[in-house]
Amino acid sequence: MTEEQIAFVLEKLALVGVMIGFSLAVAAYSTWAERKVAAFLQDRIGPNRAGIFGLLQPLADGLKLFSKEEITPKDANKFLFILGTALAMIVACMTGAVIPWSTAFEIGDRLVVPQIADINIGFLYILGVLSLGVYGIMIGAWASNNKYSLMGGLRAASQIISYELPMGLTLITILMMTGSLKLSDIVAQQQDNFWFVILQPLGFLIFLVCSFAETNRTPFDLPEAENELIGGYHSEYSSMKMGFFLFAEYINMFISSTIIATIYFGGYDIPFVNDVALGEKIGANWLAILHFASLFGKACFFIFFYMWVRWTIPRFRYDQLMDLGWKKLLPLALINMLITGLVILLMNN
Amino acid sequence: MERITNRAKQVERKPMNFWESIYLIAIFKGLMITLRHFFMKKATINYPEEKRPFSPVFRGLHVLNRDEEGRENCTACGLCALACPAEAITMEAAERLPGEENKYREEKYAAKYEINMLRCIFCGFCEEACPKDAVYLSQTVAPASFNRKNFIYTKEDLLIPHPKASK
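The structure presented is a predicted model; accordingly, all values stated were derived computationally and were not measured. (Residues numbered from 1 in each chain as written. Chains lettered and ligands numbered in written order. Predicted model: local features only at pLDDT ≥ 70, side-chain atom pairs only at ≥ 80, totals over all residues. Heavy atoms only, no water.)

S.K.: Explain empty space enclosed by the protein to me, please; I cannot follow it from the model alone.
M.R.: With a probe scaled to a water molecule rolled over the atoms, the places where space remains empty come into view. Residue and element names in this part refer to chain A. Summed over the entire model, instances satisfying the criterion amount to four cavities of 30 Å³ or more. For the largest cavity, the calculated volume is near 190 Å³. What lines the largest cavity is a set of 17 residues, among which Gly-133, Ile-137, Glu-214, Asn-216 and Asn-252 lie closest to the centre. For the lining of the largest cavity, the secondary structure elements donating two or more residues are helix 3 (78-94), helix 4 (122-143) and helix 10 (239-264). Counting residues per element, the lining of the largest cavity draws most heavily on helix 4, which supplies five residues. (1 Å grid on protein atoms, 1.4 Å probe; cavity = no way out; pocket = protein on both sides within 12 Å on 5 of 7 lines; lining within 4 Å. Points joined across faces, edges and corners; volume = space filled by probe spheres on them. Helix = DSSP H or I, 4+ residues; strand = E, 2+ residues; numbered from the N terminus.)

Next comes the structure, spelled out in structure tokens:
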């Protein structure tokens, strides 16, 4: 290998490490934020004992989960039982690979773009990995040899398959407008023009609803309905294995918030500012940091939005969920696609 | 059918229009309500640091009272035990010996006085029954314990400190 190639591999490895570490940290503090937001929305003040504002709460929770007794049911398939929770976690960590976090940093004379893989199939990768995510839940649910878990797994599977379709269709409208599946292209196009949330409000709405379903967040958290399925797909899981499932959910939430921000809210674009002119004024590194802060801020808003919705809307009934997915969102996504096509055709003539 | 009150409300059963049936407006309204609560004053009281004042009629743990000279008021008449619906109070009486006049107010006193806090329902009947104003329910909550034995409060636990000795 040449020196250039080694440097490339090292850079990407470092990025992978930073990316995973960062999403783990965000996920850990999402659990804290979830409890704080839940408390605030219910006129309580939430965790405030561990550290200032309860900021050490994630550490305490982690310690608790690690020190709890770990039980594997007697009749469970041991290999798959462990694989399920591991798969959920791995897949959750994988999705973030294609997100462009900001413009390039200048380190020495080297330009480092904080994006692990700028592939031409960014969209497809996200869709593919997201649908893999359900395997963790399904395998875990099936392997625990518990009827309720199995029901939870079944629900998760059919829910994610149902909502994958409208999600894919709305992404196709974005593809029609940008002509590229590359996430960095999509961000670049939004920097000069309008954000896609303005051009595609209906598409954004459908995508948002589908993301709720894909991340198993309320009101689409049917895989874990405790009043009808005991605990749902993770009934038989204990200690950190259970923690992994919950943690994966929070990572998914973070990544999907970032994806929403990237596709519909201009990614790392700073609103109302000419980024290139700003970059010449303050230097590439500061611009990259501001870009990153912009994307992270948008993502944080959507994480908050996920929590906000969770404590506002009750869970769907299962047939209503299927109704919404197949009879409402799918036709809507198709109509949205047709309208987009029509507009593009008229504009080109 | 004849109405009993005028409070009955006619339920609207007309089908939802388009905007109602997509629920988005209703969801948005709900979100605004929860967001308002985000900024509201919180009802939480940080318990060990902040304590909520009890109502003046709150009935907590018992105390056995002394008079202003520090003599025990209780004469072991047993009326409190008799009045107790949960039969939580037991006592043994003893006669005051010469030289103990500064310790007990009357000729008879309680050598043993026990309240089983697991049985006690904090009704306050003992307080009402006492002719000597000896037993009172204070503003303290009964503390928790891991051991059943700790819930039997003896005379030493109940007796308030000597007014002169505590100074």
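S.K.: Just checking my understanding: could you explain the interface of chain A and chain B for this structure?
M.R.: It is common to report an interface's size as the accessible area lost on association of the parts. The interface is formed by 16 residues belonging to chain A together with 17 residues belonging to chain B. Overall, the association of chain A and chain B removes approximately 1400 Å² of surface from exposure, summing both partners, and the carbon and sulfur fraction of that is 67%. Seen at the junction of chain A and chain B, the total is one salt bridge. The partner of Glu49(B) in a salt bridge is Arg49(A), with the nearest N and O atoms 3.0 Å apart. Mapped by element, the contributors of at least two residues to the side of chain A that touches chain B are helix 1 (3-41) and helix 12 (284-310) of chain A. Counting residues per element, the side of chain A that touches chain B draws most heavily on helix 12 of chain A, which supplies four residues. A per-class count over the side of chain A that touches chain B returns 11 nonpolar, two polar and three charged. (Contact = heavy atoms within 4.5 Å. Buried area = accessible area lost by both parts, 1.4 Å probe. Salt bridge = Lys/Arg side-chain N within 4 Å of Asp/Glu carboxyl O. Nonpolar A, V, L, I, M, F, W, Y, C, P; charged D, E, K, R; others polar.)

S.K.: What is the right way to read the sheet that holds strand 5 (residues 152-153) of chain B from this model?
M.R.: The pairing of strands in a sheet comes from backbone hydrogen bonds and takes either a parallel or an antiparallel form. Residue and element names in this part refer to chain B. Taken in spatial order, the three strands make up an open sheet running 2-3-5, and their pairing is antiparallel. Of all the strands in the sheet, the pair left with one neighbour each is strand 2 (89-95) and strand 5. When strand 2 meets strand 3 (residues 108-116), the two strands line up antiparallel, connected through seven bridges. Across the sheet, the residue bridging to Glu-92 is Lys-112, located in strand 3. (Pairing = 2+ DSSP bridges.)

S.K.: Would you mind going over the pattern of salt bridges with me for this structure?
M.R.: Opposite charge on two side chains permits them to pair, given that their charged atoms come into close proximity. Inspection of every chain in the model, using the stated rule, returns 16 salt bridges over all chains. Between Lys155(B) and Glu72(B) there is a salt bridge, with its nearest N and O atoms 2.9 Å apart. Here Lys155(B) is found in helix 5 (residues 155-158), whereas its partner Glu72(B) is found in the loop between strand 1 (62-64) and helix 3 (79-83), with 83 residues between them in sequence. Residues joined in a network through salt bridges with shared partners are Glu34(A), Arg217(A), Glu249(A) and Arg310(A).

S.K.: Got a minute to help me understand a nonpolar patch on the surface in this structure?
M.R.: Residues and elements named next belong to chain A. A cluster of nonpolar side chains, namely Met-1, Ile-6, Phe-8, Val-9, Leu-10 and Leu-13, defines an oily patch on the protein surface of about 630 Å² accessible area. Assignment of secondary structure puts Ile-6 in helix 1. Exposure remark for Ile-6: the relative accessible area of 40% places this residue in the partly exposed category. (Patch = residues over 30% accessible without salt bridge, like charges linked within 9 Å, V, L, I, M, F, W, Y side chains within 5 Å. Areas by Shrake-Rupley, 256 points an atom, 1.4 Å probe, with all protein chains shown as cover. Buried < 20%, exposed > 50% of the residue type's maximum accessible area, 1.4 Å probe, protein only.)

S.K.: I tried to follow the side chain of Glu164(A) on my own but got confused; where do I start?
M.R.: Here Glu164(A) is to be found in helix 5 (residues 147-178). Every residue in contact with Glu164(A), bar those within four places of it in the chain, is listed here: Leu127(A), Ser131(A) and Glu214(A).

S.K.: What am I meant to see in the nonpolar core here?
M.R.: Taken as a class, soluble globular proteins show a tendency for nonpolar side chains to be buried jointly. Among the nonpolar cores identified, the biggest contains 87 residues, and Ile263(A) and Tyr264(A) are the most heavily contacted of them. Ranked by residue count, the leading element in this core is helix 10 of chain A, at 13 residues. Ignoring sequence-local partners within four residues, the contact set of Tyr264(A) consists of Thr170(A), Ile174(A), Gln190(A), Trp195(A), Phe196(A), Val197(A), Gln200(A), Gly203(A), Phe204(A) and Phe207(A). Within the second largest apolar cluster, 22 residues are counted, among which are Leu64(B), Ala76(B), Ala110(B) and Ala134(B). (Core = buried A, V, L, I, M, F, W, Y, C linked by side-chain atoms within 4.5 Å.)

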